[in-house]
Amino acid sequence: MSAATVTVTATASDARIPLRGHLRHTGALIRRNLLWIRQDPESMFDALLMPVVFTLLFVYVFGGSIGQALGGGQDGYVQYVIPGMIAMMSMTLSQGVGTGFSQDFNSGVMDRFRSLPIGRGSVLFAKITVELLRMLFATTVLMVVAVLVGFHIHHWGGLLAAVGLSAVFASSIMWVFLTLGVVLKNAQSVQAMGFLVLFPLQFGSSIFAPTKSMPGWLQAFTDYNPLSTLADAARGLMVGGPVAHDLWVTLGWSVAITAVAAPYAIHKFRTKS
Amino acid sequence: MTRIDKNSSGGDNAVTVRGMVKHYGETKALDGVDLDVREGTVMGVLGPNGAGKTTLVRILSTLLSPDAGQATVAGYDVLRQPRQLRRVIGLTGQYASVDEKLPGWENLYMIGRLLDLPRKDARARADELLERFSLTDAAKRPASTYSGGMRRRLDLAASMIGRPQVLFLDEPTTGLDPRTRNEVWDEVKAMVGEGVTVLLTTQYMEEAEQLASELTVVDRGKVIAGGGIEELKAKVGGRTLRVRPADPAQLRPLAAALDELGITGLATTTVDTDSGAVLVPILSDEQLTAVVSAVTARGITLSSITTELPSLDEVFLSLTGHRASAPQDTVPADTREEVAV
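The structure presented is a predicted model; accordingly, all values stated were derived computationally and were not measured.

Undergrad: With reference to specific residues and values, describe the overall build of chain A.
TA: Across its full length, chain A holds twelve helices and zero strands. Helices (α) and strands (β) of chain A occur, in sequence order from the N terminus, as α-α-α-α-α-α-α-α-α-α-α-α. Pairs at least 24 residues apart make up 77% of the contacts formed inside chain A by residues separated by at least 6 positions.

Undergrad: Break down the overall build of chain B for me, with residues and values.
TA: Per the secondary structure count, chain B includes twelve helices and 14 strands. In chain B, which comprises 341 residues, the proportion classed as buried is 49%. Across chain B, contacts joining residues at least 24 apart in sequence account for 70% of those joining residues at least 6 apart.

Undergrad: Break down the domain arrangement of chain B for me, with residues and values.
TA: Domain assignment breaks chain B into domain 1 (8-234) and domain 2 (239-308). Just the C-alpha atoms count here: the centres of domain 1 of chain B and domain 2 of chain B sit 39 Å apart.

Undergrad: Outline unusual backbone geometry, supporting the account with residue identities and numerical values.
TA: It is generally the case that most residues other than glycine have a negative phi and that most peptide bonds are trans. All names here are of chain B. A positive phi angle, near 50°, is found at alanine 74, a position not held by glycine. Within the element layout of this structure, alanine 74 appears in the loop between strand 4 (68-73) and strand 5 (76-77). The exposure class of alanine 74 is buried, given the 20 C-beta atoms found within 10 Å. Its identity as a non-glycine residue notwithstanding, serine 134 has a phi of 50°, on the positive side. Take serine 134: it is sitting in the loop between helix 4 (119-132) and helix 5 (148-160). Taking the C-beta count within 10 Å as the criterion, serine 134 has 14 such neighbours and is therefore assigned partly exposed.

Undergrad: Quick rundown of helix 2 (residues 19-39) of chain A? Include the residues and the values.
TA: Given a rise of 1.5 Å per residue, 21 residues ought to cover 30 Å, and the 30 Å separating the end C-alpha atoms of helix 2 of chain A matches this to within 8%. Within helix 2 of chain A the residues assigned to the buried category are A:Arg24, A:His25, A:Thr26, A:Ala28, A:Leu29, A:Arg32 and A:Asn33. Residues of helix 2 of chain A that are buried sit in contact with helix 7 (120-148) of chain A together with helix 3 (104-114) of chain B.

Undergrad: Provide a residue-level description of the environment of B:Pro48, including the pertinent values.
TA: As for its position among the elements, B:Pro48 is in the loop between strand 3 (42-46) and helix 1 (53-60). Taking the C-alpha atoms as reference points, B:Pro48 and B:Ser147, 99 residues apart in sequence, are found 26 Å from one another.

Undergrad: Describe the packing of helix 2 of chain A against helix 3 of chain B, naming the residues involved and giving the relevant values.
TA: In contact at an axis separation of 8 Å, helix 2 of chain A and helix 3 of chain B are set at 160° when each is read in the N-to-C sense. One way to sum up the angle between helix 2 of chain A and helix 3 of chain B is to call them roughly antiparallel. In this structure, the crossing between helix 2 of chain A and helix 3 of chain B has a hand that is left-handed. From helix 2 of chain A, A:Arg24, A:His25, A:Ala28, A:Arg31, A:Arg32 and A:Leu35 reach across to helix 3 of chain B, where they touch B:Glu106, B:Met110, B:Arg113 and B:Leu114.

Undergrad: So, the sheet that holds strand 2 (residues 27-38) of chain B: which residues are in play, and what are the values?
TA: Residues and elements named next belong to chain B. Strand order in the open sheet made by the four strands is 2-1-4-5, with antiparallel pairing throughout. Every other strand in the sheet has two partners, leaving strand 2 and strand 5 as the edge strands with one partner each. When strand 1 (residues 13-24) meets strand 4, the two strands line up antiparallel, connected through five bridges. Looking across to strand 4, one finds that arginine 18 is bridged to glutamine 70. Packed on one face of the sheet, helix 1 meets strand 1, strand 2 and strand 4 and runs near 120° to strand 1.

Undergrad: Help me get a handle on the sheet that holds strand 10 (residues 222-228) of chain B, residues and values and all.
TA: Residues and elements named next belong to chain B. Taken together, six strands build an open sheet; the order of strands is 6-7-8-3-9-10 and the sheet is mixed. Because the sheet does not close on itself, it has two edges, and the strands there are strand 6 (89-92) and strand 10. Recorded for the sheet is a direction-independent mean angle of 15° between the axes of neighbouring strands. The sheet contact formed by strand 7 (residues 166-170) and strand 8 (residues 197-202) spans five bridges and is parallel. Bridging from a neighbouring strand, aspartate 170 pairs with threonine 201 of strand 8. Of the strands in this sheet, strand 6 and strand 7 touch helix 5, which is tilted by about 165° from strand 6.

Undergrad: Explain the nonpolar core residue by residue, including any values.
TA: The nonpolar side chains of a soluble globular protein tend to be buried with one another. Residues A:Ala234, B:Val73, B:Leu108 and B:Ala157 are the most contacted members of the largest nonpolar core, which totals 141 residues. A total of 14 residues in this core trace back to one element, the largest contributor, which is helix 8 (residues 156-183) of chain A. Once residues within four sequence positions are removed from consideration, B:Leu108 is found in contact with B:Arg125, B:Ala126, B:Leu129, B:Leu130, B:Ala157, B:Ala158 and B:Ile161. Counting residues in hydrophobic clusters, the runner-up holds eleven residues, among them B:Leu241, B:Leu254, B:Val291 and B:Val295.

Undergrad: With reference to specific residues and values, describe helix 7 of chain A.
TA: In a regular helix each residue adds 1.5 Å, so 29 residues correspond to 42 Å; helix 7 of chain A covers 43 Å between its end C-alpha atoms and thus fits that length. A:Gly150 sits one or two residues past helix 7 of chain A and shows a positive phi near 110°.

Undergrad: So what's going on with the packing of helix 5 (residues 95-107) of chain A against helix 7 of chain A? Residues and values would help.
TA: Residue and element names in this part refer to chain A. Interaxial distance between helix 5 and helix 7 falls to 9 Å at its minimum, and their mutual angle equals 135°. Classed by the angle they form, the pair helix 5 and helix 7 counts as oblique. Considering how the two elements wind past one another, helix 5 and helix 7 form a crossing that is right-handed. Across the interface between the two elements, Gly96, Val97, Gly100 and Phe101 of helix 5 pack against Lys127, Ile128, Glu131 and Arg134 of helix 7. Taken together, the residues of the contact of helix 5 with helix 7 sort by class into three nonpolar, two polar and three charged.

Undergrad: I'd like to hear about the confidence of the model for chain B, residue by residue, with values.
TA: Residue and element names in this part refer to chain B. Across chain B, pLDDT averages 83, with 84% of residues at or above 70. The weakest mean pLDDT in chain B belongs to helix 12 (residues 333-339) at 33; the strongest belongs to helix 3 at 96. Confidence drops under pLDDT 50 across residues 1-10; counting only partners more than four residues distant or on other chains, this segment forms 24 contacts. Confidence drops under a pLDDT of 50 for residues 326-341, and excluding neighbours within four residues, the segment shows 17 contacts in the predicted structure. As a predicted assembly, this complex carries a pTM of 0.80 together with an ipTM value of 0.84.

Undergrad: Any chance you could break down the confidence of the model for chain A for me, citing the residues and the numbers?
TA: Averaged over every residue, the pLDDT of chain A is 87; the share at 70 or more is 94%. When the elements of chain A are averaged for pLDDT, helix 1 (residues 12-15) of chain A gives the smallest value, 50, and helix 11 (residues 226-238) of chain A the largest, 94.

Undergrad: Explain the environment of B:Arg141 residue by residue, including any values.
TA: Residues and elements named next belong to chain B. With respect to the secondary-structure elements, arginine 141 resides in the loop between helix 4 and helix 5. For the pair arginine 141 and valine 33, spaced 108 residues apart in the sequence, the C-alpha separation amounts to 42 Å. Beyond its immediate stretch of four places on either side in the chain, arginine 141 contacts Pro103 and Gly104.

Rules and cut-offs
Residues numbered from 1 in each chain as written. Chains lettered and ligands numbered in written order. Predicted model: local features only at pLDDT ≥ 70, side-chain atom pairs only at ≥ 80, totals over all residues. Helix = DSSP H or I, 4+ residues; strand = E, 2+ residues; numbered from the N terminus. Contact = placed C-beta atoms within 7 Å. Buried ≥ 20, exposed ≤ 12 C-beta atoms within 10 Å, placed from the backbone. Domains from an automatic or database assignment. Expected span 1.5 Å × (residues − 1). Axes fitted to C-alpha atoms, helices over the stretch in contact; angles between N-to-C directions. Parallel < 35°, antiparallel > 145°, perpendicular 65-115°, else oblique. Left-handed = near helix turned anticlockwise from the far one by under 90°. Pairing = 2+ DSSP bridges. Core = buried A, V, L, I, M, F, W, Y, C linked by C-beta atoms within 7 Å. Nonpolar A, V, L, I, M, F, W, Y, C, P; charged D, E, K, R; others polar. pLDDT = per-residue confidence, 0-100.

Listed below in structure tokens is the structure:
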């Protein structure tokens, strides 16, 4: 077999992408994802409405009775649940990376990206960055609603720290949803699967109500649920109270989830046919 | 297994494929494919749905890893040098598409940036290619609002941004109406004029004839024939004459007269009563002349006489003895063996 001329004219540096290249590629893809929002503003509805609807729902439907149990009435419940909402949204909105990714695969645009000389990571990082921006938007909406229903912002530093911690946790969870987006066939499956993960984690946590009254076996779960620790840490940062333990556990979870899910997502992304 | 002629003596192959194998479970998408595309030429890969054409293009554009075999594109190994390879190829196909939600201009600009063009150059290149593919008026509209032909032109423009050395066109006109198809063909011809090497997959003999200088016919993962277009046409029976008598009553006598000529090479003379014409497969211009003189000798008046290229199905019938298969066809392993000519 006469193998044809394999003239390797390129030097090794041609194969490696410099950091500036990665930033350029990621930037171009971030721009693309932002343009999506401009073309299709409806895609922001969930980020806009979810904080409004959930806040009103929980504060006015459950607020009175849970607040009574907490000993602070509805106003007390507002102070309790708003930090939890920040935690909840970090999880719920993270799903978007998975469904968006799945759509990209099915529309064929992902094949275009994968046939271009860019690092595969750029596509993933761009998606995560834009979702984090969406989350920031949703958090801003949430805080406006929160203040309107009576939430007191004690110190801005604590609020920013809570939002930052949520973003850290969200970016780790996004790798899990990215994996689902790569592995599952379509956006609907990603959403359905996401729901199965989200629901028990969100409600089996201290987001909406204190865990003290829950049965022991459930408490064992909620105590280790990263959404509980995230919600409790956010509470401590925004309203006051102990922070350190919950903060470290949440960061630990974030690091652990990222360490496992990110390489796996990138691997699956690379080898997907 | 038929191996196509190797024109590689000069070593100027833009694409070389050797023993390429890809299986999906039981299905052999590629079953030992060899292929050479010389620099600056257009290679047509002709085959029905499910023949393995798309799998081949996906491997050559690094979207898929083969199970066995090797391939180089513009001198780069598909497995060992994917990044360098991606820099010198363009891809347009059924799947590698533009972003529907983005305007045409934004699509091209984005790809320019992903190919490391400085902002200014990426902008200029987007403008230039929109102009060239007559899309300037639609530059600001989302690609989802484009017609089929515009979409395909944008796809082509997108694959040209990096000034590729090798262009893969995977069924570039499937699903387009004839007029739009001609537009796309013209664009492809213009690109070839600029010296790009093209590997084109198609289901249409006509498209292959329009664009390609050489042809590789694939079926069920194997190369079953290859060579120059003329060579191959001769092999599969060249053209079909469609002879239509002015008086429909003359149809049978005409068919009988042409049958007597005995020039039918591979297929036989058939009567198409729907269109009122006799179809005669011919191999040469001499045979065309013979048909005309036979008609004149019988004093039959004709309303029209046209030549047609063989359809893919006819090509397959003459090369393999079976009709082009659809991908859903589950072919038992034993009949699959027959395909290996």
